[in-house]
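# Structural characterization, general
The residues making up each chain are set out below.
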Amino acid sequence: MIRTAPPQELLEIAIDVARDAAATAHRMRAEGVSVAATKSTATDVVTAADRAVERQVLDALRRVRPEDAVLGEEYGAGETGPAAGGVRWIIDPIDGTVNYLYGLPYCAVSLAAEVDGRVVAGVVRNVATGEEWTATAGGGAWRDGERLGCSTETDLGQALVATGFGYDPRRRAHQARVVAELIPHVRDIRRMGAAALDLCLAAEGRVDAYYEKGLAAWDLAAGGLVATEAGLRVTGLDGRPAGPDLVIAAPPALFEPLHTRLAALDASGGP
Ligand code: LIP
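### A closer look at the packing of aromatic side chains
Evaluated as defined, the whole model comprises zero aromatic pairs. The residue whose ring lies beneath Arg29 is Tyr100, and the NZ or CZ to ring-centre distance is 6.0 Å. Just above the ring of Phe255 sits the side chain of Arg233; from NZ or CZ to the centre is 3.9 Å.

### Details of the nonpolar core
Judged by nonpolar contacts, the single largest core of 39 residues is most densely connected at Val124, Trp133, Tyr210, Val226 and Leu232. Broken down by secondary-structure element, the contributors of at least two residues to this core are β5 (108-115), β6 (118-126), β7 (132-136), β10 (160-162), α5 (195-203), α6 (217-229) and β14 (247-250). Here this core gets eight residues from one element, more than from any other, and that element is α5. Inspection of this core shows a minimum of three residues originating in each of domain 1 (7-147) and domain 2 (156-264). Formed by 34 residues, the second largest nonpolar core is a distinct cluster that contains Ile13, Ala21, Tyr100 and Ala113.

### Things to note about the domain arrangement of the chain
When cut into domains, the chain gives domain 1 (7-147) and domain 2 (156-264). Listed per partner, the contact involves 38 residues of domain 1 and 23 residues of domain 2. Ranking the residues of domain 1 by area buried against domain 2 places Asp95, Tyr106 and Trp133 at the top, with a combined share of 28%. Taking the shortest distance from any N to any O, the salt bridge between Arg143 and Glu204 comes out at 2.8 Å. Between the two partners, domain 1 and domain 2, sit eleven residue pairs in polar contact (both at pLDDT 80 or more). Among the elements that make up the side of domain 1 that touches domain 2, the one with the highest residue count is β6 (seven residues). Tallied by class, residues from the side of domain 1 that touches domain 2 come to 18 nonpolar, 14 polar and six charged.

Thresholds applied
- Residues numbered from 1 in each chain as written.
- Predicted model: local features only at pLDDT ≥ 70, side-chain atom pairs only at ≥ 80, totals over all residues.
- Heavy atoms only, no water.
- Phe/Tyr/Trp six-rings, centres within 6.5 Å; stacked < 30°, edge-to-face > 60°.
- Lys NZ or Arg CZ within 6 Å of the ring centre and 35° of its normal.
- Core = buried A, V, L, I, M, F, W, Y, C linked by side-chain atoms within 4.5 Å.
- Buried < 20%, exposed > 50% of the residue type's maximum accessible area, 1.4 Å probe, protein only.
- Helix = DSSP H or I, 4+ residues; strand = E, 2+ residues; numbered from the N terminus.
- Domains from an automatic or database assignment.
- Contact = heavy atoms within 4.5 Å.
- Buried area = accessible area lost by both parts, 1.4 Å probe.
- Salt bridge = Lys/Arg side-chain N within 4 Å of Asp/Glu carboxyl O.
- Polar contact = N/O pair within 3.5 Å; in protein donor to acceptor, adjacent residues only side chain to side chain.
- Nonpolar A, V, L, I, M, F, W, Y, C, P; charged D, E, K, R; others polar.

Have a look at this one:
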């Protein structure tokens, strides 16, 4: 039987699962972390914690909603089929894996629930600090019980813009050229290393905007809902949906000037 549920019910499940998962990640970090394997390149690492946390999330979701589909960074869709009108959970067990490996306090468990292809609930929990961002579609964005609103900055030249870089050296070279051309036209750039957290910081104006090429669904799903519900426009270029080609997350007043610059710099292009 395909069973959906109200977004708030799905959010409450996500919060419970993400809190336990973040506790596991935090414990494993304290016990010592090393690289378990590499993926797309020698710098695209996965740790035993990434794998253990995703397995924990999958087991917890299977206990409460066994008929749901899943999509995780480490184990993909597993044995579940397409959501087929039901719920699909989108999991990044540790977003900001390199930060986690180095002990930098900027990495998060990201868990979202998608119904009929639309993300309707999401939670992002910083493993190191315990900060927790949540959102439901139409229900607003929150951090630790505080309702969020995005930056009110209107001048791109005064905007603090977060971004990130891929693991492929050829892509990084293209992205470096883009940011080198952009930086004279904004207040400054921040590269902190976890897309889900970057999107959440943009949701509360701790950066004014964010963009990045190369995000996977699990990087974007929960943080993208938090940013959208906080009032940012979260899209790709030229009206395309946000996705691997490009994610731009900006308040309405900054979106067009930032979009125009990124389009002119071919920010969605390159390898
Ligand atoms: C990370 C993203 C980040 C990007 C990093 C990396 P991961 O995800 O969240 O925005 O710049 O290169 O892809 O690999 O830590 O899950």
